[in-house]
Amino acid sequence: VSDNPFSLWVYLSQSPLLWLTVTLVTYAVTDAVSLKTRRHPLANPVLHSLWIIGVFLLLTGTSYTTYFAGAQFVHFLLGPATVALAVPLYENRRRVAAAVLPMLVALAVGSLTAIVSVVLLARAFGLPRDIILSLAPKSVTAGVAMGISESLHADPSLTAVSVILTGIMGAIIVTPLMNFIGITDFRGRGFAAGIAAHGIGTARAFQVDEVAGVFAGIAMSLNALVTSLLVPLAVTYLLR
Amino acid sequence: MIASLSLILLCQLVGEVAVRALAVPVPGPVVGLVLLLLLLLARDRFPVLARGPLGNDGVESASRGMLANLSLLFIPAGVGVVQKLDLLAEHGTAILVILAVSVIVTLLATVATFVAASSLFAREDETP
């Protein structure tokens, strides 16, 4: 095999092994850098893994479909990881039970703000209707957001991109923003991260503080429910 | 380790089957989360359940391991950005500004509501 490097590349680039390895190695490196910088918001491992892998795919002329055939094994774990949120939730159950009412009020306000703000802003910028519809569910986790987008006959792959971009921006901004306005309640900080920036915000919250992570996980799960009910209502009302 | 992963997958599987059978607009893994939580709570009530993955920190340590690397799991979907470069070239600046403003507004509205509501409810608790 090795006497022809090109045929080796053709073989490897079509196998899940290469793309799974690229994903894990890139993450291992970016996560190590993030740790080295003591979890600096701008050293966000998702952000840096995306552009590194993206550039690699463009340079090697690899299609996203080929990449995803390998990376899907990682993608699959999103479901089990959601189930796993039960554990920190269980371990912090007293703290959570004591904050049920503030969580429900903040859920209603936050979920509505996420949808209405993006739709109104997109309209003000004069974006086409199908793009506005694709952006509307951007604050919930990718699988749910794509389902909402599909039911609105929008573009689910654009929705996925806006979900990821929202998550990365939220994860980068949340710590400096909360420090700036002087919020020291890590329950509230985490809850806001989960509402605004779903799983990527939750991942960030777990990096900062376990209680923040627990509240972010709850916020993300509840927001998935509320948003799938609110988005169809909001777009029919706001985009008439 | 394998038993703990199996339990997590089983919760998700039951969740997916349940939401499809009942046609409710809830993600299957979220139902799985509730199931696992109920199992952990039931274990405290009935010590006979504290075996296999539910005993000896099994499912707990497997879950912690997965959540410690939650960021990794978003990378495959995120790389999908490469498919949308033409659209981002056309509307990219507007989309980035809109998403950034929306995320900041949402963070502020949510945390302000949470903090205000929790101090309000806490004060009500104090006055009998």
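Whatever comes next refers back to the structure up there.
Computed from a prediction, not measured in an experiment: that's the story for all the values here.

Engineer: I'd like a description of the environment of L41 of chain B, backed by residues and values.
Structural biologist: By secondary structure assignment, the location of L41 of chain B is in helix α2 (residues 28-45). Discounting chain neighbours no more than four positions away, the residues touching L41 of chain B are Y90 and R93 of chain A.

Engineer: Can you explain the nonpolar core? Please cite residues and give values.
Structural biologist: One finds Y67, F191 and F215 of chain A together with L36, I75 and V79 of chain B to be the most contacted residues of the largest nonpolar core, which totals 61 residues. For this core, the leading source of residues is helix α13 (residues 210-238) of chain A, giving six residues. In this structure, V119, A154, A196 and A234 of chain A belong to the second largest nonpolar core, which totals 45 residues.

Engineer: Describe empty space enclosed by the protein, with residues and values.
Structural biologist: Left-over empty space is what a probe sized like a water molecule reveals as it rolls over the atoms. All names here are of chain A. Applying the stated criterion across every chain, the model contains two cavities of 30 Å³ or more. Each pocket or cavity is described by its volume, and for the largest cavity that value is around 80 Å³. Around the largest cavity, the lining residues are V174, T175, M178, F186, R189, G190, A193, R204, A205, V208 and A212. Those elements that place two or more of their residues in the lining of the largest cavity are α11 (156-180) and α12 (186-208). Lining the second largest cavity are L85, L89, V214, G217 and I218. Considering each element in turn, the lining of the second largest cavity owes the most residues, three residues, to α13. Here the residues of the lining of the second largest cavity sort into four nonpolar, one polar and no charged.

Engineer: Give me the interface of chain B and chain A: which residues, what numbers.
Structural biologist: With 67 residues of chain B in contact, the opposing surface of chain A contributes 94 residues. Here chain B packs against chain A, burying approximately 7000 Å² in sum over the two surfaces, 85% of which is carbon and sulfur. Ranking the residues of chain B by area buried against chain A places F74, L107 and F114 of chain B at the top, with a combined share of 11%. Where chain B touches chain A, the interface holds three salt bridges. Between D155 of chain A and K84 of chain B there is a salt bridge, and its shortest N-O distance comes to 2.9 Å.

Engineer: Hey, could you go over helix α3 (residues 58-68) of chain B for me, with residue numbers and the actual values?
Structural biologist: If you check which residues of α3 of chain B are buried, you get G58, V59, E60, A62, S63, M66 and L67 of chain B. On the buried face of α3 of chain B, the contacting elements are α5 (78-84), α6 (86-91) and α12 of chain A together with α1 (2-22) and α2 of chain B.

Engineer: Give a detailed account of α12 of chain A, specifying residues and quantitative values.
Structural biologist: One full turn of an α-helix is made of 3.6 residues, so residues set three or four places apart face in the same direction. Residue and element names in this part refer to chain A. In a regular helix each residue adds 1.5 Å, so 23 residues correspond to 33 Å; α12 covers only 9 Å between its end C-alpha atoms and thus falls short of that length. By the criterion of burial, α12 is predominantly enclosed, with 19 of the 23 residues buried. Where α12 begins, the capping side chain belongs to D185, and its oxygen is found 2.9 Å from the backbone nitrogen of R187.

Engineer: Describe in detail the packing of aromatic side chains, supporting the description with residues and values.
Structural biologist: For any pair of aromatic rings, the description rests on two quantities: the centre-to-centre distance and the angle between the ring planes. Residues and elements named next belong to chain A. Taken as a whole and judged by the stated rule, the model has seven aromatic pairs over all chains. Centroid distance W9 to W19: 6.4 Å. Interplanar angle 85 degrees. Geometry classified as edge-to-face. You can see W9 sitting in helix α1 (residues 5-13) and its partner W19 sitting in helix α2 (residues 16-36), a full 10 residues away along the chain. Of the residues examined, W19 reaches a relative accessible area of 0% and is grouped as buried. Site record: aromatic cluster; members linked through ring pairs are W9, W19, F56, Y64, Y67 and F68. The ring of Y90 is capped by R93, whose NZ or CZ atom sits 4.2 Å from the centre of that ring.

Engineer: Which residues make up unusual backbone geometry, and what values do they have?
Structural biologist: Residues and elements named next belong to chain A. Backbone geometry at R39 places phi at a positive 55 degrees, although glycine is not the residue there. With respect to the helices and strands, the residue R39 is situated in the loop between α2 and α3 (45-60). At H153, a residue that is not glycine, the phi angle is positive and equals roughly 60 degrees.

Engineer: Residue-level account of the packing of helix α8 (residues 100-124) of chain A against α13 of chain A, with values.
Structural biologist: Residues and elements named next belong to chain A. It is at 8 Å that the axes of α8 and α13 come closest, and there the two elements cross at 45 degrees. If you check the angle between α8 and α13, you find them oblique. Two packed elements cross with a definite hand, and for α8 against α13 that hand is right-handed. Listed contacts from α13 to M103, L107, S111, L112, I115, V116, V119, L120 and R123 of α8 are F215, I218, L222, N223, V226, T227, L230, V231, A234, V235 and L238. Here the contact of α8 with α13 is built from residues that sort into 16 nonpolar, three polar and one charged.

Conventions adopted
- Residues numbered from 1 in each chain as written.
- Chains lettered and ligands numbered in written order.
- Predicted model: local features only at pLDDT ≥ 70, side-chain atom pairs only at ≥ 80, totals over all residues.
- Heavy atoms only, no water.
- Helix = DSSP H or I, 4+ residues; strand = E, 2+ residues; numbered from the N terminus.
- Contact = heavy atoms within 4.5 Å.
- Core = buried A, V, L, I, M, F, W, Y, C linked by side-chain atoms within 4.5 Å.
- Buried < 20%, exposed > 50% of the residue type's maximum accessible area, 1.4 Å probe, protein only.
- 1 Å grid on protein atoms, 1.4 Å probe; cavity = no way out; pocket = protein on both sides within 12 Å on 5 of 7 lines; lining within 4 Å.
- Points joined across faces, edges and corners; volume = space filled by probe spheres on them.
- Nonpolar A, V, L, I, M, F, W, Y, C, P; charged D, E, K, R; others polar.
- Buried area = accessible area lost by both parts, 1.4 Å probe.
- Salt bridge = Lys/Arg side-chain N within 4 Å of Asp/Glu carboxyl O.
- Expected span 1.5 Å × (residues − 1).
- Polar contact = N/O pair within 3.5 Å; in protein donor to acceptor, adjacent residues only side chain to side chain.
- Phe/Tyr/Trp six-rings, centres within 6.5 Å; stacked < 30°, edge-to-face > 60°.
- Lys NZ or Arg CZ within 6 Å of the ring centre and 35° of its normal.
- Axes fitted to C-alpha atoms, helices over the stretch in contact; angles between N-to-C directions.
- Parallel < 35°, antiparallel > 145°, perpendicular 65-115°, else oblique.
- Left-handed = near helix turned anticlockwise from the far one by under 90°.

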